[in-house]
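Per-entry structural report
Here are the chains, one letter per residue:
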Amino acid sequence: MKKIVSFCFVCVFMFAAMQMSLLHASAVEDLVPPDGDYEVTIYIQQDLPEEVQQRILAHFNGEETAQPRNVTCDLFGHSNTTSTATKFFHNVYPTSPKCVKNIYNVYTCTRCGNVEEELVSSTRISSCHG
């Protein structure tokens, strides 16, 4: 009887944990601004080399950032370094708070230059200049 109760308790706990993780994932993406022509400001972590900063900025501007394929990355995966970037969308909404602040973890491969971002948080803010 104890085993059945323990099993049921573990199942309920796992179900609750999955629900919490799904809620967090959907909550982060709820505030991504709708498509539109907004003024955008991007702040990139300053302790990165200039070349890496330019590659990250190009990635956020929609430009191709990866160099030709690297066999080592194909075989063993990317050798990523992690940095942060903050992206401000100015005057997205007609009422206050008007702006959106997105914080990203940015992963840059040291071998091939591949850049990927992961949205960490997205919030509406009143003061959008830094």
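That block above? That's the structure.
For the structure given in this document, a descriptive report is provided here. This structure is a prediction, so every number in the text was calculated from the model and none was measured.

About the criteria used
Residue indices begin from 1 for each chain and proceed along its sequence in written order. Only residues with pLDDT of at least 70 are given local features in this predicted model, and only at 80 or more are side-chain atom pairs given and counted; all residues enter the totals for whole chains, interfaces and linings. Excluding hydrogens and water, the side-chain figures rest on all heavy atoms present in the structure. Note on aromatic pairs: the rings of Phe, Tyr and Trp (six-membered ring only in Trp) are paired at centre separations within 6.5 Å, and the planes decide the class, stacked below 30 degrees, edge-to-face beyond 60, tilted for the rest. Secondary structure elements are taken from DSSP: a helix is a run of H or I of four residues or more, a strand is a run of E of two residues or more, and numbering for both begins at the N terminus. Only protein chains enter the accessibility calculation, which uses a 1.4 Å probe; a residue is then buried when its area is under 20% of its type maximum, exposed when over 50%, and partly exposed in between. Working rule: Lys NZ or Arg CZ, within 6 Å of ring centre, within 35 degrees of ring normal, means a charge sits over the ring. Polar contact is defined as a pair of N or O atoms within 3.5 Å, subject to the rule that within protein one atom must be able to donate a hydrogen and the other to accept it, and that residues adjacent in sequence are counted only when both atoms are side-chain atoms. The salt bridge criterion pairs a side-chain nitrogen of Lys or Arg with a carboxyl oxygen of Asp or Glu, the two atoms within 4 Å. Two strands make a pair as long as DSSP finds a minimum of two bridges between them. Geometry is summarised by axes, namely lines fitted to C-alpha atoms with helices restricted to the contacting stretch, and by angles between N-to-C directions that run from 0 to 180 degrees. Here, two residues are considered to be in contact whenever any of their heavy atoms come within 4.5 Å of each other.

Summed over the entire model, instances satisfying the criterion amount to two aromatic pairs. Taking 5.6 Å as the distance between ring centres and 85° as the angle between the ring planes, the aromatic pair formed by Tyr-43 and Phe-88 counts as edge-to-face. Taken together, the residues Tyr-43 in strand 1 (residues 39-44) and Phe-88 in strand 2 (residues 80-90) connect sequence positions 45 residues apart. On the basis of relative accessibility, which here comes to 4%, the residue Phe-88 falls in the buried class. The aromatic ring of Tyr-93 is capped on one face by Arg-124, whose charged end is 3.8 Å from the ring centroid.

Here the focus is the side chain of Arg-55. With respect to the helices and strands, the residue Arg-55 is situated in helix 2 (residues 50-60). For Arg-55, a relative accessible area of 13% gives the class buried. Within the structure, the side chain of Arg-55 is placed 2.6 Å from the side chain of Glu-51, a separation counted as a polar contact.

Along the chain, the position of Ser-127 falls in the segment after strand 4 (115-125). Considered as a pair, Ser-127 and Pro-97 are 30 residues apart in the sequence and their alpha carbons are 7.9 Å apart.

Before going further, it helps to spend a moment on the pattern of salt bridges. Following the criterion strictly, the structure yields one salt bridge and no others. A salt bridge links Arg-55 to Glu-51; the nearest nitrogen and oxygen atoms lie 2.6 Å apart. Of this pair, Arg-55 and Glu-51 both sit in helix 2, four residues apart, which is roughly one turn of that helix. By relative accessible area, Glu-51 is classed as exposed at 53%.

Taking strand neighbours across the sheet as the criterion, the four strands line up as 1-2-3-4 in an open arrangement whose pairing is antiparallel. Each edge of the open sheet is held by one strand with a lone partner, namely strand 1 and strand 4. Across the sheet, the mean angle from the axis of one strand to that of its neighbour is 20°, orientation sign disregarded. One ladder, built from six bridges, connects strand 1 with strand 2; its direction is antiparallel. Of the residues in strand 2, the one forming a bridge with Ile-42 is Lys-87. Packed onto the sheet, helix 2 meets strand 1, strand 2, strand 3 (99-109) and strand 4 and runs at close to 125° relative to strand 3.

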